[in-house]
Amino acid sequence: MTQTLRRAFLNVDSSATGRRWVGPSVEEDRLSEAMAQDTGLPLPVCRTLVRRGVPSDEAAAFLAPTLRALLPDPRSLKDMAPAAARILAAATGRQRIAIFADYDVDGGTSAALLCDWLRFFNLTPTLYVPDRIDEGYGPNEVAMAELARGHDLIICVDCGTLSHGPIAAAKGADVVVLDHHLGGETLPPALAVVNPNRQDETGDLAHLCAAGVVFLCLVEANRQLREAGGKTPDLMGLLDLVALGTVADVAPLVGVNRAFVRQGLTIMARRQRVGLVALSDVARMDTAPTSYHLGFLLGPRVNAGGRIGKADLGARLLSCTDPHEAKAMADRLDQLNTDRREIETQVREMAQAQCEARGTDGPLVWAAGEGWHPGVVGIVASRLKEATNRPAIVIGLDGDEGKGSGRSVAGIDLGAAIQRCAAEGLLLKGGGHKMAAGLTVARDKLEPAMARLSELLAKQGAGDIGPADLKVDGLLMPGAATVELIEQIEQAGPFGAGAPAPRFVFPDCTIHYAKTVGANHLKVTFGDGISARIDAIAFGALDGPLGPMLQGHNGARFHLAGRLEINTWQGRQRPQLRLEDAAPAS
């Protein structure tokens, strides 16, 4: 209620994109200024820290996150000790090991972590990644029974928590589950199920993705090996994989995840993992990696194999040790990613038309279409969610069934609602977590299932959400936006899910230059009318009202809102604003 009554920042109640700007509260302003005095840090850095809830006396530690300080005891997770012991016994006993991995980045990085660790013992596990279309998500009875016939241990990563039947079918082999998806009321008949989102867990580590869970399991395995007097594999060199899985799976960048990503990026910058080197080169990354690169350049390419190509391609690339083989796989993933974008555009246009016809004011936005590729429905759901600020589900229909994926907004637990619908028999299967989930539905139950899901989401308040406010962290003048300041702000990162980069407003600015870049982006140069000027890029601005407003400025002055970044070109660094919104200054 307090935020609703607070005056809009700079009195912007309806910006170019139709949003109300909401700035720091009076208390946040006071705390930021006090922190600046206490620590000597620049005020924009202090504003970022205060928004994270960091007190002055913890600022220095927050700006330098370390695994030593933030890594939890792996044994705080249930079943961790027996899971690590069984994996260690298989490794030291040279047993036959299979890894059953999900087909997304989190599954691929989790599998690669285990492959790398087992390489220390001169073991090469069997890698099994199910086909998204033919087999769907998670273990299935046929595959698990077949793997059990030829292996002593099956490790399910980023899947398995709800796979009671398939795990029971793995007769003759032990099964260990390392997962993070929401658990049900009962656990499958595995030797161990390590999952921070089991119903009997505290939830203190619910922010971990599967790669984080796997890493903790390897920490515990190493500890047990050291206690037995053995030499242990190096784990620090694996943090590049943990960082990629964490960012690409949109895990909140809080707690130990900050240290995973910060230190993982440092490892990645050394260019020692041939698979990631090949992928970085094909993505034309020419600067030190950032969380942006993980989420928007590398992650989508690793995902492309599981979406529309060979499901295990991403995991095999990440664990590859041959540069020539890595380059071939990276090239293939890059082409698949291009193909994926084309398919996504076609499905997105059809889904948007459906949603607009059905209306986007309810608690759920959904669309279903014949033959829509299961590999892109999740991405399209994410686009619909961003456009409507509502939970969104997109379903591809094939025969008597539809396979779909959903994305949610903050404060709405989509995974729990989908699990409830599955328990009620309206879905053939479904599960996930708060912000993302998957489902399979019978064609004849599509409408009632979506109606019931809408009811459940409405009870959580999804139907009462208005247009998303644009949260801003304060004012900044163009002359103050230096490379040095941006580097200091980045120390409060990494930024991403659960920890958005700070957004600043440059007030009363003149547009000196505005030019279309690519199909729908806008490059802008703006200044305060005195001396300082800054370049800005507004991605997709010409698809909405922001681009035309700035292109047709006619000398008008604007408040400009966005996130600062460093643009590196031919070795030279310059500040740049990633422009997100604008409002007339008068």
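Look a little higher up for the structure.
Residues numbered from 1 in each chain as written. Predicted model: local features only at pLDDT ≥ 70, side-chain atom pairs only at ≥ 80, totals over all residues. Heavy atoms only, no water.

**Points about the overall build of the protein chain**
Note the following rule: For the purposes of this entry, the term helix denotes a DSSP run of H or I that reaches at least four residues, the term strand denotes a run of E that reaches at least two, and both are numbered from the N terminus. Atoms considered for the radius of gyration are the C-alpha atoms alone. The globule rule reads 2.2 Å times the number of residues to the power 0.38. When a residue's accessible area, from a 1.4 Å probe over protein chains only, is under 20% of the maximum for its type it is buried; when over 50% it is exposed; and in between it is partly exposed. In what follows, residue pairs with any heavy atoms lying within 4.5 Å of each other are defined as contacts. Areas reported here follow the Shrake-Rupley algorithm with a probe of radius 1.4 Å; residue values treat only the protein chains shown as occluding. By the counting rule applied here, Lys and Arg register as positive and Asp and Glu as negative, while His and the ends of each chain are not counted. In this description, the location of a charge corresponds to atom NZ of lysine, CZ of arginine, CG of aspartate or CD of glutamate.
The helix and strand inventory of the protein chain stands at 21 helices and 17 strands. In terms of overall dimensions, the protein chain is globule-like: its C-alpha atoms have a radius of gyration of 24 Å, near the 25 Å expected for 586 residues. Each principal axis of the C-alpha atoms in the protein chain carries an extent, and together these give about 75 × 60 × 45 Å. The buried share of the protein chain, reckoned over its 586 residues, is 55%. Counting contacts in the protein chain only where the partners sit at least 6 residues apart, residues at least 24 apart contribute 64% of the total. About 24,800 Å² of surface is accessible on the protein chain, with carbon and sulfur atoms providing 51% of the total. Put simply, the protein chain has 60 plus and 68 minus side-chain charges, and the middle of one group is 2 Å from the middle of the other.

**Focus: the packing of helix α10 (residues 210-227) against helix α11 (residues 239-248)**
This is how the line gets drawn: For helices, the axis comes from a line fit to the C-alpha atoms of the stretch in contact; other axes are also lines fit to C-alpha atoms, and the angle between any two N-to-C directions lies between 0 and 180 degrees. Comment on the angle field: the value is read as roughly parallel under 35 degrees, roughly antiparallel over 145, roughly perpendicular from 65 to 115, and oblique elsewhere. Amino acids are sorted into nonpolar (Ala, Val, Leu, Ile, Met, Phe, Trp, Tyr, Cys and Pro), charged (Asp, Glu, Lys and Arg) and polar (every other residue, Gly among them).
Two elements in contact, α10 and α11, have axes whose closest approach is 8 Å; the angle formed by their N-to-C orientations is 150 degrees. Taken together, the axes of α10 and α11 are roughly antiparallel relative to one another. Packed against α10, whose contacting residues are A211, G212 and F215, the element α11 presents L239, V242 and G245 at the interface. Here the contact of α10 with α11 is built from residues that sort into four nonpolar, two polar and no charged.

**A look at the packing of aromatic side chains**
Spelled out, the test is: Stacked, tilted and edge-to-face pairs are distinguished by plane angle, under 30 degrees for stacked and over 60 for edge-to-face with tilted covering the rest, among Phe, Tyr and Trp rings (Trp via its six-membered ring) whose centres lie within 6.5 Å. A ring is considered to have a charge above it if a Lys NZ or an Arg CZ atom is located within 6 Å of its centre and within 35 degrees of its normal.
One pass over the full model with this rule turns up six aromatic pairs. Relative to F121, the ring of F120 has its centre 5.2 Å away and its plane inclined at 85 degrees; by these criteria the two rings are edge-to-face. These aromatic residues form a ring-pair network of at least three members: W117, F120 and F121. Just above the ring of Y292 sits the side chain of R578; from NZ or CZ to the centre is 4.6 Å.

**Regarding the sheet that holds strand β16 (residues 557-569)**
This is how it is decided: Any two strands with at least two DSSP bridges between them are considered paired.
Here five strands make up a closed barrel; going around it, the order is β13-β14-β15-β17-β16 and the pairing mixed. If you compare each strand with its neighbour and ignore which way they point, the axes differ by 45 degrees on average. Pairing geometry for strand β13 (residues 504-517) and strand β14 (residues 521-527), over seven bridges, is antiparallel. In the sheet register, I511 faces β14, and the bridge partner there is F526.

**Things to note about helix α13 (residues 274-282)**
Here α13 lies mainly inside the structure; seven of its nine residues are buried. Looking only at α13, the buried set comprises G275, L276, V277, A278, L279, S280 and V282. Positive phi appears at R284, one or two residues downstream of α13, with a value of about 60 degrees.

**Points about the nonpolar core**
For soluble globular proteins, the rule of thumb is that nonpolar side chains tend to be buried together. Quick reminder of the rule: Among the buried residues, those of types Ala, Val, Leu, Ile, Met, Phe, Trp, Tyr and Cys that are joined through side-chain atoms within 4.5 Å form a nonpolar core.
Judged by nonpolar contacts, the single largest core of 85 residues is most densely connected at W117 and L178. Counting residues per element, this core draws most heavily on α10, which supplies ten residues. Beyond its immediate chain neighbours, meaning those up to four positions away, W117 contacts I87, L88, A91, L218, A221, N222, P233 and L235.

**Digging into the pattern of salt bridges**
Here is the rule: When a carboxyl oxygen of Asp or Glu is within 4 Å of a side-chain nitrogen of Lys or Arg, the pair counts as a salt bridge.
Taken as a whole and assessed by the stated rule, the structure comprises 35 salt bridges. For D116, the salt bridge goes to R273, with nearest N and O atoms at 2.7 Å. Note that D116 is positioned in helix α7 (residues 105-119) and R273 in the loop between α12 (256-269) and α13, a separation of 157 residues in sequence. Accessibility assignment for this pair places D116 and R273 in one class, buried.

**Concerning the pairing of strand β11 (residues 436-442)**
Most of β11 sits inside the fold, with six of its seven residues counted as buried. The pairing of strand β9 (residues 401-407) with β11 spans seven bridges and is antiparallel. Directly across from K403, in β11, lies its bridge partner T440. Summarising the sheet, strand β10 (residues 429-432) and β11 pair through four bridges and their orientation is antiparallel. Within the sheet, the bridge partner assigned to G432 lies in β11 and is A437. Between the antiparallel neighbours β10 and β11 lie three residues.

**Concerning unusual backbone geometry**
Cis geometry marks the peptide bond from G493 to P494; its omega dihedral reads 5 degrees. Even without a glycine there, the phi angle at N11 is positive, about 60 degrees. Tracing the backbone through its elements, the reader meets N11 in the loop between α1 (2-5) and β1 (21-22). Note on N11: relative accessible area 53%, which makes it exposed.

**Considering α12**
We count it as follows: Expected helix span is given by 1.5 Å per residue-to-residue step, counting one fewer step than there are residues.
Between its first and last C-alpha atoms α12 spans 20 Å; for 14 residues at 1.5 Å apiece the expected length is 20 Å, and the two agree. Burial analysis of α12 places twelve of its 14 residues in the buried class, which makes it a mostly covered element. Directly beyond the C-terminal end of α12, a positive phi value near 55 degrees is found at R271.

**Focus on the environment of V45**
As for its placement among the helices and strands, V45 is situated in helix α3 (residues 43-51). Linking V45 and P502, residues 457 residues apart in sequence, is a C-alpha distance of 8.9 Å.

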